[in-house]
Amino acid sequence: MRFGLKVNPAGWDDASSWATIAEEAGFDGLWTGDNLRNPRDPAIAVHDGPTIIAGWAATTRRIRVGLLIANMVFRQPTVLAKQATTLDHISGGRFDLGIGSGVWPTDHGMAGTPIWSARERTDRLAEFVAAVDRLLSGDVADHDGPYYPYSLAAMTPGTVQERLPLIIAANAPRALAVVAAHGDGWVTFPGAATEEEFYAKSVERVHALDAALDGRTIRRLLLAYGQIDPWASVDGFARLVERYQGIGFDELVVYAPKDHERAVFDAVANKLDDYR
């Protein structure tokens, strides 16, 4: 089992402090989000995700850095591919790119993007991910898709990594097919579901993804939040790892703890290798 820490920092001091903690504790990945604002409370500080990643990439040495999850609501695939390549260079080949279709009306509102139907959202995800995959592989041929056409593209320089990992957020069957077609990893999360509801759905999704992959192996990440609380207790953290590892997940990404959760976080972080 691999472990990642997701931080939505209030400022650079906060971001830098958590990066040090994550590296020293032995976390495998350091992640941040990609939203234009907090979807519930506009008073909560939200910084630009790729810029935070650039700072981490330049000031860390071992840990992988990445976006969970790059938001296509306010991006073009050409722009994201260029950003990802630059972040890969700054990090010396330690960048992972998560991509998702976006869910928050606040991001649509700030970006001036109409709310999409579920079908259009999935159609856009398929076209967007395929375009990013092609661009990062060096294929810069003109693209005439219905949502994200582009021409005259160039991807110079290329990525540091031979293949920059694409981790795709998906829960529904058509989105899981996009994972199978283009993903080096899959990330899922409970949203508003209860833990038991999410676990049962995760079993179904793992089986559906296995069938679509047809023998291919990819990373499987669980982003723990909502009703999945990794910092309730040390024993609870161990049970969480065991339960989801048992159905095929090999990476657990947890949020940086709140002040009242710090004691459990510190106890886990001090013996992180025991849970692998």
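Our subject is the structure that appears above.
The rules behind the values
Residues numbered from 1 in each chain as written. Predicted model: local features only at pLDDT ≥ 70, side-chain atom pairs only at ≥ 80, totals over all residues. Heavy atoms only, no water. Salt bridge = Lys/Arg side-chain N within 4 Å of Asp/Glu carboxyl O. Helix = DSSP H or I, 4+ residues; strand = E, 2+ residues; numbered from the N terminus. Buried < 20%, exposed > 50% of the residue type's maximum accessible area, 1.4 Å probe, protein only. Right-handed = clockwise from strand over helix to strand, strands pointing away. Lys, Arg positive; Asp, Glu negative; His and termini not counted. Polar contact = N/O pair within 3.5 Å; in protein donor to acceptor, adjacent residues only side chain to side chain. Contact = heavy atoms within 4.5 Å. Pairing = 2+ DSSP bridges. Axes fitted to C-alpha atoms, helices over the stretch in contact; angles between N-to-C directions. Core = buried A, V, L, I, M, F, W, Y, C linked by side-chain atoms within 4.5 Å. Phe/Tyr/Trp six-rings, centres within 6.5 Å; stacked < 30°, edge-to-face > 60°.

1. Looking at the pattern of salt bridges
Enumeration over the complete set of coordinates arrives at 17 salt bridges. Residue Arg75 is joined to Asp34 by a salt bridge in which the shortest nitrogen-to-oxygen separation is 2.5 Å. One end of the pair, Arg75, is in the loop between β3 (64-71) and α3 (77-90); the other, Asp34, is in the loop between β2 (29-32) and α2 (49-59), and 41 residues separate them in sequence. Here Arg75 and Asp34 have matching classes, each one buried. One salt-bridge network, in which partners are shared between bridges, spans Arg2, Asp28, Arg64, Asp96, Arg219, Glu251, Asp273 and Arg276.

2. A closer look at the pairing of β2
On β2, burial covers both faces: Gly29 and Trp31 on one face and Leu30 and Thr32 on the other are all buried. Regarding the hand of the β-α-β motif, the stretch spanning strand β1 (residues 2-6), helix α1 (residues 12-25) and β2 is right-handed. Once the chain exits β2 it traverses α2 before rejoining the sheet at β3, and the crossover so formed is right-handed.

3. Some remarks on the side chain of Asp107
You can see Asp107 is positioned in helix α4 (residues 105-111). Look at Asp107: it is buried, it has no salt bridge, and the nearest opposite charge is Arg37 at 7.0 Å. Among the polar contacts listed, one links the side chain of Asp107 to the side chain of Asn35, at a separation of 2.7 Å. Setting aside anything within four residues of it in sequence, one finds Asp107 in contact with Asn35, Leu36, Arg37, Asn71, Val73 and Phe74.

4. Comments concerning the pairing of strand β8 (residues 251-255)
Counting buried residues in β8 gives four out of five residues, a clear majority hidden from the surface. The pairing of β1 with β8 spans five bridges and is classified as parallel. Pairing of Phe3 across the sheet is with Leu252, part of β8. One ladder, built from four bridges, connects strand β7 (residues 219-224) with β8; its direction is parallel. When the sheet's bridge partners are listed, Leu223 is paired in β8 with Val253. Note that the unit made of β7, helix α8 (residues 234-245) and β8 has a crossover that is right-handed.

5. Focus on the sheet that holds β8
Remark on secondary structure: sheet strands pair via backbone hydrogen bonds, oriented parallel or antiparallel. The strand order β1-β2-β3-β4-β5-β6-β7-β8 describes a closed barrel built from eight strands, whose pairing is parallel. Within this sheet the neighbouring strands show an average axis-to-axis angle of 25 degrees, counted without direction.

6. What about α2?
Since there are 3.6 residues in each turn of an α-helix, residues three or four apart along the chain are aligned in direction. The set of residues buried in α2 consists of Gly49, Pro50, Ile52, Ile53, Gly55, Trp56 and Ala57. Where α2 is buried, its residues touch α1, β2, β3, α3 and β4 (95-100).

7. Some details on the nonpolar core
Grouped together as the largest cluster of nonpolar side chains are 73 residues, with contacts concentrated most on Phe27, Leu97 and Leu252. In terms of residue count, the dominant contributor to this core is helix α5 (residues 118-136) (seven residues). Beyond its immediate stretch of four places on either side in the chain, Leu97 contacts Leu67, Ala70, Leu80, Ala84, Val132, Leu136, Leu164, Pro165, Leu166 and Ile167. Counting nine residues, the second largest nonpolar core, distinct from the first, contains Leu68, Val187, Leu221 and Val253.

8. Concerning the packing of aromatic side chains
Tallying each qualifying case throughout the model produces 14 aromatic pairs. Look at Phe128 and Tyr148: their rings are 5.2 Å apart centre to centre, the planes differ by 80 degrees, and that puts the pair in the edge-to-face class. Note that Phe128 is positioned in helix α5 and Tyr148 in the loop between α5 and β5 (166-169), a separation of 20 residues in sequence. Its relative accessible area of 2% is what places Tyr148 among the buried residues. Ring plane angle 80 degrees and centroid distance 5.0 Å describe the contact between Phe237 and Tyr275, whose orientation is recorded as edge-to-face. Of the two residues, Phe237 is situated in helix α8 and Tyr275 in the segment after α9 (262-269); the sequence distance between them amounts to 38 residues. Three or more aromatic residues link up through ring pairs in this structure, and these residues are Phe3, Trp18, Phe27, Trp231, Phe237, Phe265 and Tyr275.

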